[in-house]
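# Examining the three-dimensional arrangement
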Amino acid sequence: MKKFILFTAMLVFSSAVSAQINIPYTHYRLQNGLNVILHEDHTTPTVSVNIWYHVGSGYEKPGRTGFAHLFEHLMFEGSKNVQEGEFDKLLEAAGGQNNGSTTEDRTNYYEDIPSNALELALFLESDRMGYLLDAMTPEKVNGQREVVKNERRQSYENRPYGLAWETIYKNLYPEGHPYSWPVIGSMADLDAASYEDVVEFFKTYYAPNNASLVIAGDIDPEETLKLVEKWFGEIPAGKPVPPLNPAAAVLNVNKFVTLEDRVQLPRIYMAWITPPRFSPGDAEMDLLANILAGGKNSRLYKRLVYDLQIAQDVSAFQSSSKLSSQFFIIATARAGHNLNEIKSVIEEEIEKLKSDNPTERELQRAVNQYEASFLRNLEKPGGFRGKANQLNEYFYYANNPDYANEDFNRYKALSPDDLKNAARVFLKKNGKVVLSIVPKGKTEMAADEHVEGK
C-alpha cells in the first residue's frame, strides 16, 4: 500500500509575468493525515523544518484557557526518546536554532538547521508529536505552569500598558467567544487546570492529522519524503478535530474603558472587529492602516506627531485572524496632553477617509510597502516569516500553499474607492472599543465618549 498520496507537484517554473511570485512546492499527505509540504531551495546549505498544529487559544474551553501556550513550553521538556534539555542541546550542537509561537488560531514550531542535520530535526519534532506524553509528568506540568504564570506577570500585570490587549479583546468580543480571552490564559484558569485536562488537550489537538509540516531549503524532495515517512509515519492519527463555528461577532455600540496603570504618559487604543484573514475587506484594512499610520508621511503621524505635536507615537494595523480580524489605532500622548485631543484627530481622519478617496499616490505607497515587506520575508527559508512559514500559513488559512499571487493580487487590485468604502463599512462610528490607559489617579486624561472629532 502506498505510504502517502501525492496531491500536487509544482516544479520550478519560469514566470510569464515578472511580477509573479513563485514558491514551488510538493504536497503530500501521509496515511495518518499529516500534511507534508516540501520546498526546494539550494541558495544556501540550510533547511527550515516548520510545523503548524492547527490549534490555538481559540480552541480552548472557557475556564480552561492558556493550554495552547502552555504546550509551547511543555514541548521543550523532553519526550520518550529525548531527555529534558536535550532538544536545544542537540540542535545547537548541530548549528541549528529553533523557536515556537502561539496565536488564537494555531501553534507553530520551527528548526533552522544546516541541511546535513535535517534528520535530527525530524527526529526531534516527531518524538514530541508521537511520544510527548511518555515523558510528561504532573511535576513537569506544574513547573511549566509556574513559568507561564511568571511570563504572564512580566508581560501583563507588571509591564506598562500590559493589560491593554486582554482588556480590548474581552470588550470587543462577547463572553465565551474564542477570541474573548488572552492567548496566555488567565491566572485562575492556569491554576485550575488538572494534569488530566492537559493530557486530554494534547491527545485532542497534537495528532498528525491536525498538523502540517513544511520543509524548505537545501533538500532532495524524494529523500526528504522518505525521512518524513520514517519518523512520522508510525504516529497514529487522532480523532478528527471539529472546526470552530461560533456565531459571528458584531459590536454595534461604543465601549469606553479606562485603566489606571503605573505609566508616565496616557495611551489610547481604538479597536474594531473587521473581516477574517483573506476575506473581502481584509486587504483594504491593511492598506488603510498604512495610509493612517504607516511611516512618517502617513496622515496620523503627520498631524499628531509633527504638526500638532500632541502625540509621542501612533500606529495602526489590521490583525488578521481566522474567525474575524481586528483593526487597531494606538497613540501615546505627549506630556501635557490628554487622550481626548488625540481621539478627536483620529476620528477626524477616519471621517475624511469615509468622505473622500485616498489619493492614488497614498494607495500606491501602501501597496509598495506591503510588497517590499512581503518580498523581504521570502528572502530566507526559515524563521517566523520565511518561506517555510509562509507556505504553512497559506495552507492553513487559504487551504492552498500556492496562494502567494492571489494574496498579493488582493492588494494590487484595490482602488481608492475600495478603501473609502471599506472605511465606511468597517470603521463604524458606533461599534468600537476605546481603551484609555492613564497614570494612576489621572482619569481626567482618559478619552471621553462625548468628545467627538469634527
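Residues numbered from 1 in each chain as written. Predicted model: local features only at pLDDT ≥ 70, side-chain atom pairs only at ≥ 80, totals over all residues. Heavy atoms only, no water.

### As for the pairing of strand 7 (residues 211-217)
By the criterion of burial, strand 7 is predominantly enclosed, with seven of the seven residues buried. Of the two faces of strand 7, both are covered, the one formed by Ala211, Leu213, Ile215 and Gly217 as well as the one formed by Ser212, Val214 and Ala216. Examined bridge by bridge, strand 4 (residues 46-53) and strand 7 share seven bridges and lie antiparallel to one another. The residue of strand 7 that forms the bridge with isoleucine 51 is leucine 213. (Buried < 20%, exposed > 50% of the residue type's maximum accessible area, 1.4 Å probe, protein only. Helix = DSSP H or I, 4+ residues; strand = E, 2+ residues; numbered from the N terminus. Pairing = 2+ DSSP bridges.)

### Thoughts on the nonpolar core
The biggest cluster of nonpolar side chains holds 71 residues, and the ones touching the most others in it are Val49, Tyr53, Phe71, Tyr206, Leu213, Ile215 and Phe232. Both domain 1 (26-233) and domain 2 (255-445) contribute no fewer than three residues apiece to this core. If near-sequence neighbours (up to four positions away) are discounted, valine 49 is found in contact with Tyr109, Tyr110, Glu111, Ile113, Leu118, Ala121, Leu122, Glu125, Leu213, Val214 and Ile215. Grouped together as the second largest cluster of nonpolar side chains are 43 residues, Ala293, Val305, Ala311 and Val367 included. (Core = buried A, V, L, I, M, F, W, Y, C linked by side-chain atoms within 4.5 Å. Domains from an automatic or database assignment. Contact = heavy atoms within 4.5 Å.)

### Observations concerning the domain arrangement of the protein
Considered domain by domain, the protein is made up of domain 1 (26-233) and domain 2 (255-445). Computed over C-alpha atoms only, the centres of domain 1 and domain 2 are separated by 28 Å. In this assembly, 42 residues from domain 1 lie in contact with 40 residues from domain 2. In this assembly, domain 1 packs against domain 2 so that about 3300 Å² is buried in total across both faces, 66% of it on carbon and sulfur atoms. If you sort the residues of domain 1 by the area they bury against domain 2, Trp52, Tyr161 and Leu172 come out on top, with a joint share of 22%. (Buried area = accessible area lost by both parts, 1.4 Å probe.)

### Comments concerning the environment of alanine 398
Within the secondary structure, alanine 398 sits in helix 13 (residues 387-398). Owing to a relative accessible area of 23%, alanine 398 belongs among the partly exposed residues under this scheme. Spatially, the C-alpha atom of alanine 398 lies 24 Å from that of methionine 129, the residues being 269 residues apart in sequence. Other than its neighbours up to four places away in sequence, alanine 398 contacts Phe278, Glu393 and Tyr403.

### Some points on the UniProt feature "domain: Peptidase M16 N-terminal" (unreviewed entry) in the protein
Residues annotated in UniProt with the feature "domain: Peptidase M16 N-terminal" (unreviewed entry) correspond here to residues 36-158. Structurally, residues 36-158 is divided into 41% helix and 22% strand, and its ends, taken at the C-alpha atoms, are 41 Å apart. (UniProt positions renumbered as here; feature names shortened; annotations may be inferred.)

### A short note on the pattern of salt bridges
Here the idea is simple: oppositely charged side chains can pair when their charged atoms come close. Tallied over the entire structure, the rule returns 21 salt bridges. Note that glutamate 86 and lysine 89 form a salt bridge whose closest N and O atoms lie 3.9 Å from each other. In this pair, glutamate 86 and lysine 89 both sit in helix 2 (residues 86-93), three residues apart, roughly one turn of the helix. Looking at lysine 89, the relative accessible area reads 55%, which means it is exposed. One salt bridge in this structure joins arginine 303 and glutamate 348, with 2.9 Å as the shortest N-O distance. (Salt bridge = Lys/Arg side-chain N within 4 Å of Asp/Glu carboxyl O.)

### Considering the UniProt feature "domain: Peptidase M16 C-terminal" (unreviewed entry) in the protein
Under the present numbering, the feature "domain: Peptidase M16 C-terminal" (unreviewed entry) in UniProt falls on residues 194-370. Between the end C-alpha atoms of residues 194-370 there is a gap of 44 Å, over a span that is 41% helix and 23% strand.

### Some details on the environment of proline 401
Here proline 401 shows up in the loop between helix 13 and helix 14 (404-412). Assessed through its relative accessible area of 5%, proline 401 is described here as buried. Here the alpha-carbon distance between proline 401 and leucine 391, two residues ten residues apart in the chain, equals 4.8 Å. Non-local contacts of proline 401, meaning those with residues more than four positions away in its chain, are made with Tyr25, Ile37, Leu391, Tyr394 and Phe395.

### Examining helix 1 (residues 67-74)
Where burial is concerned, most of helix 1 is hidden: eight out of the eight residues are buried. Where helix 1 is concerned, the buried positions are Phe67, Ala68, His69, Leu70, Phe71, Glu72, His73 and Leu74. On the buried face of helix 1, the contacting elements are strand 5 (97-102), strand 6 (107-114), helix 4 (138-157) and helix 7 (195-205).

### Some points on the packing of helix 12 (residues 360-377) against helix 14
In the contact formed by helix 12 and helix 14, the axes pass within 10 Å of each other and the chain directions differ by 160 degrees. Taken together, the axes of helix 12 and helix 14 lie roughly antiparallel to each other. The crossing of helix 12 and helix 14 is right-handed. Along the contact surface, helix 12 presents Val367, Tyr370, Glu371 and Phe374, while helix 14 presents Ala404, Asp407, Phe408, Tyr411 and Lys412. Class assignment of the residues belonging to the contact of helix 12 with helix 14 gives a composition of six nonpolar, no polar and three charged. (Axes fitted to C-alpha atoms, helices over the stretch in contact; angles between N-to-C directions. Parallel < 35°, antiparallel > 145°, perpendicular 65-115°, else oblique. Left-handed = near helix turned anticlockwise from the far one by under 90°. Nonpolar A, V, L, I, M, F, W, Y, C, P; charged D, E, K, R; others polar.)

### Details of the packing of aromatic side chains
Considering all chains together, one arrives at 32 aromatic pairs under this definition. Between the aromatic rings of tryptophan 52 and tyrosine 397, the centroid separation amounts to 6.3 Å while the plane-to-plane angle is 90 degrees, which identifies the pairing as edge-to-face. On the criterion of sequence distance, the pair formed by tryptophan 52 in strand 4 and tyrosine 397 in helix 13 is long-range, its members being 345 residues apart. The pair tryptophan 52 / tyrosine 397 is uniform in exposure class, with both members buried. Where tyrosine 59 meets tyrosine 205, the ring centres are 5.8 Å apart and the plane angle is 70 degrees; that geometry is what we call edge-to-face. With a gap of 146 residues between them, tyrosine 59 in the loop between strand 4 and helix 1 and tyrosine 205 in helix 7 connect regions that are remote in the sequence. No difference in accessibility class separates tyrosine 59 from tyrosine 205, as the two residues are buried. Grouping aromatic residues by their ring pairs yields a cluster made of Tyr53, Tyr59, Phe67, Phe71, Phe76, Phe87, Tyr109, Phe201, Phe202, Tyr205 and Tyr206. The aromatic ring of tyrosine 161 is capped on one face by arginine 267, whose charged end is 3.7 Å from the ring centroid. Lying across the ring of tyrosine 397, arginine 277 places its NZ or CZ 4.3 Å from the centre. (Phe/Tyr/Trp six-rings, centres within 6.5 Å; stacked < 30°, edge-to-face > 60°. Lys NZ or Arg CZ within 6 Å of the ring centre and 35° of its normal.)

### As for the packing of helix 3 (residues 118-131) against helix 8 (residues 221-232)
Packing of helix 3 against helix 8 brings their axes to within 9 Å, and their N-to-C directions diverge by 30 degrees. Taken together, the axis directions place helix 3 and helix 8 in an arrangement best described as roughly parallel. For the element pair helix 3 and helix 8, the recorded crossing hand is right-handed. In this structure, helix 3 uses Leu118, Glu119, Leu122, Phe123, Glu125, Ser126 and Met129 to contact helix 8, whose residues at the interface are Thr224, Leu227, Val228, Lys230, Trp231 and Phe232. Considering only residue class, the contact of helix 3 with helix 8 consists of eight nonpolar, two polar and three charged.

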